[in-house]
Amino acid sequence: MAKEGAEKADETEQMIEKEGGKEAAEGGGGGSLRAGDTKEMRAVLLSGFGGLNKLRVAKKVMPEPQEGELKIRVKACGLNFIDLMVRQGNIDNPPKTPLVPGFECSGIIEALGDSVAGFEIGDRVMAFVNYNAWAEVVCTPVEFVYKIPDDMSFSEAAAFPMNFVTAYMMLFEVANLREGMSVLVHSAGGGVGQAIAQLCSTIPSVTVFGTASSFKHEAIKGSVTHLFDRNADYVQEVKRISAEGVDVVLDCLCGENTGKGLSLLKPLGTYILYGSSNMVTGETKSFFSFAKSWWQVEKVNPIKLYEENKVIAGFSLLNLLFKQGRSGLIKGIMDKLITLYNEKKIKPLVDSLWALEEVKEAMQRIHDRGNIGKLILDVEKAPTPLMANDSTETSEAGEEEEDHEGDNENKERMPFIQ
C-alpha cells in the first residue's frame, strides 16, 4: 500500500507539472497552479450535460472543511442511476457545469471543521454529499456523516447509505410494512431492489414480487418470492398468484408502469414512485422519451383513489436531505440500519469496482441495466490499461460522438426524482 501511495504521489506531481495550468482553468481554479502552490486532488469532472464524452478525470483544488464540516479522504464512491440522469441534465434546476458528480462515499476523516463533535481524525465513515463525491477528498456537513461498522468494507459502505435508507423509508416510513403483507419491486436486481428484498426478509411472512432482466434471475432468485422477466406481462402473473394484487408497489420506472402499479394495489395499498428510469433511453436526454413516458403515466383521479381506498406517494431521498432539511430523521434511520447490519440481517451487494478513470464504462454498465447490486468507484484502484488508454470518446450506442457546444440550452427539465 505504501509503495502504491508513493507511485500515486509521483504520478500526481508529474500531472500537476504538465497540466496544472490547463486543468485549473477548466476546473474553475481561475489560474495556473504549480506543484507546491496548493494541494490538489483527482476528481471526476462533468464538463457539460450530455454524453459520456463530458466526463473525465481532472485535477482540482483540494477542499478544506468549513465550520460544521468534516474532510474525508475518500476510499470508495457509490454510482446510482440518478448520476446518469445528472450527466444528461435530466433533473430539475441542475447546478452549473463544470461539476464533480456523486452523492455518497466512504473513507477516513482527515480534518475537522470548527464546532464538529462526535468524530475524530482517523474515523472510518460513510457520508452523503450534495455533489462532489467522486473525488479523492470531500468536505460535507457533519450531519450527513456516519461511522462505519468495524467489519464493513469501504466498498460496502459506499453501497450502503443511498440504497438502504431509500428502501427502509419507503417500506417502513411511507408504506408501513407489516407481517403478512406483499410488495412488488421493479429492477429487483439493482442496488435499491436488493436492499428492498433484504429488508422485507426482516419481517415475517412478507411476499416479494420482483421484475428484473432474465439474465439476472439465477443470481437473485433467492432474494424474492416470485420473480418475473421485466418485459413480461407481470400484471397478469401477479394476479394469477394473488388475485387481489399487492399491498405495496415500489416503482422506479414510471411511464406505463404507473398505471399498472395502481391497478395491482389492494384496498388500503400504497404505490410509491421513487424514480423514472424509463425516461432514459439513450446517451443524451431525449424529448421524445420524456414525452412518451409522461404521456403513458396514469392520470390520477382523486375521486377514484377515494373510492378504491388506495394511496399514491412519492419519495426522493436527496430532496429530503438537501432541500427539506430532514437529516435528523435520516440519522435515526441509519442507526436502525447499522444495527440490522451488525445483526447480519442485511448486507450491501456490490456488483463491481471501477477506477475513477473507468467512470464511463461504469456508467455504461448501469445504463445497460447490467449490474446486480451496486457499482462502486474505487479511488485507489488502478484503471484497466485498455480502458485507461482508450482515447476515443464513444456514445452509449457505441458510436463516436462530437461535442456540440450549446446543445443543452433551452432543453426540457424533468423533476428531480431519486
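Please refer to the structure higher up on the page.
Reading guide: rules and limits
- Residues numbered from 1 in each chain as written.
- Predicted model: local features only at pLDDT ≥ 70, side-chain atom pairs only at ≥ 80, totals over all residues.
- Heavy atoms only, no water.
- Pairing = 2+ DSSP bridges.
- Helix = DSSP H or I, 4+ residues; strand = E, 2+ residues; numbered from the N terminus.
- Axes fitted to C-alpha atoms, helices over the stretch in contact; angles between N-to-C directions.
- Contact = heavy atoms within 4.5 Å.
- Buried < 20%, exposed > 50% of the residue type's maximum accessible area, 1.4 Å probe, protein only.

A. Layout of the sheet that holds strand S13 (residues 311–314). The sheet built from six strands is open, its strands ordered S10-S9-S8-S11-S12-S13 with parallel pairing. Edge positions in the open sheet fall to strand S10 (226–229) and S13, since each of these has one partner strand only. Geometrically, the sheet is characterised by an average inter-axis angle of 15 degrees between neighbouring strands, direction not taken into account. Judged from the four bridges that link them, strand S9 (residues 207–212) and S10 form a sheet pairing that is parallel. Its bridge partner being in S10, Thr211 is matched across the sheet by Phe228. Set on the sheet, helix H4 (residues 161–174) makes contact with strand S8 (182–185), strand S11 (246–251), strand S12 (265–273) and S13; between it and S12 the angle comes to about 150 degrees.

B. Seen up close, the environment of Glu361. Here Glu361 is to be found in helix H13 (residues 359–367). Glu361 gets classed as partly exposed once you look at its relative accessible area, which sits at 25%. Placed 309 residues apart in sequence, Glu361 and Leu52 show a C-alpha to C-alpha distance of 8.9 Å.

C. Expanded view of the pairing of S12. Most of S12 sits inside the fold, with seven of its nine residues counted as buried. The pairing of S12 with S13 spans four bridges and is classified as parallel. Each residue of the ladder has a partner; that of Leu273, found in S13, is Gly314.

D. Structural view of helix H2 (residues 81–88). A large share of H2 lies buried, amounting to eight of its eight residues. Turning to H2, its buried residues number three or more, namely Phe81, Ile82, Asp83, Leu84, Met85, Val86, Arg87 and Gln88. Buried-residue contacts for H2 involve strand S1 (40–46), strand S2 (55–61), strand S3 (69–79), helix H11 (317–322) and H13. Gly89 sits one or two residues past H2 and shows a positive phi near 80 degrees.

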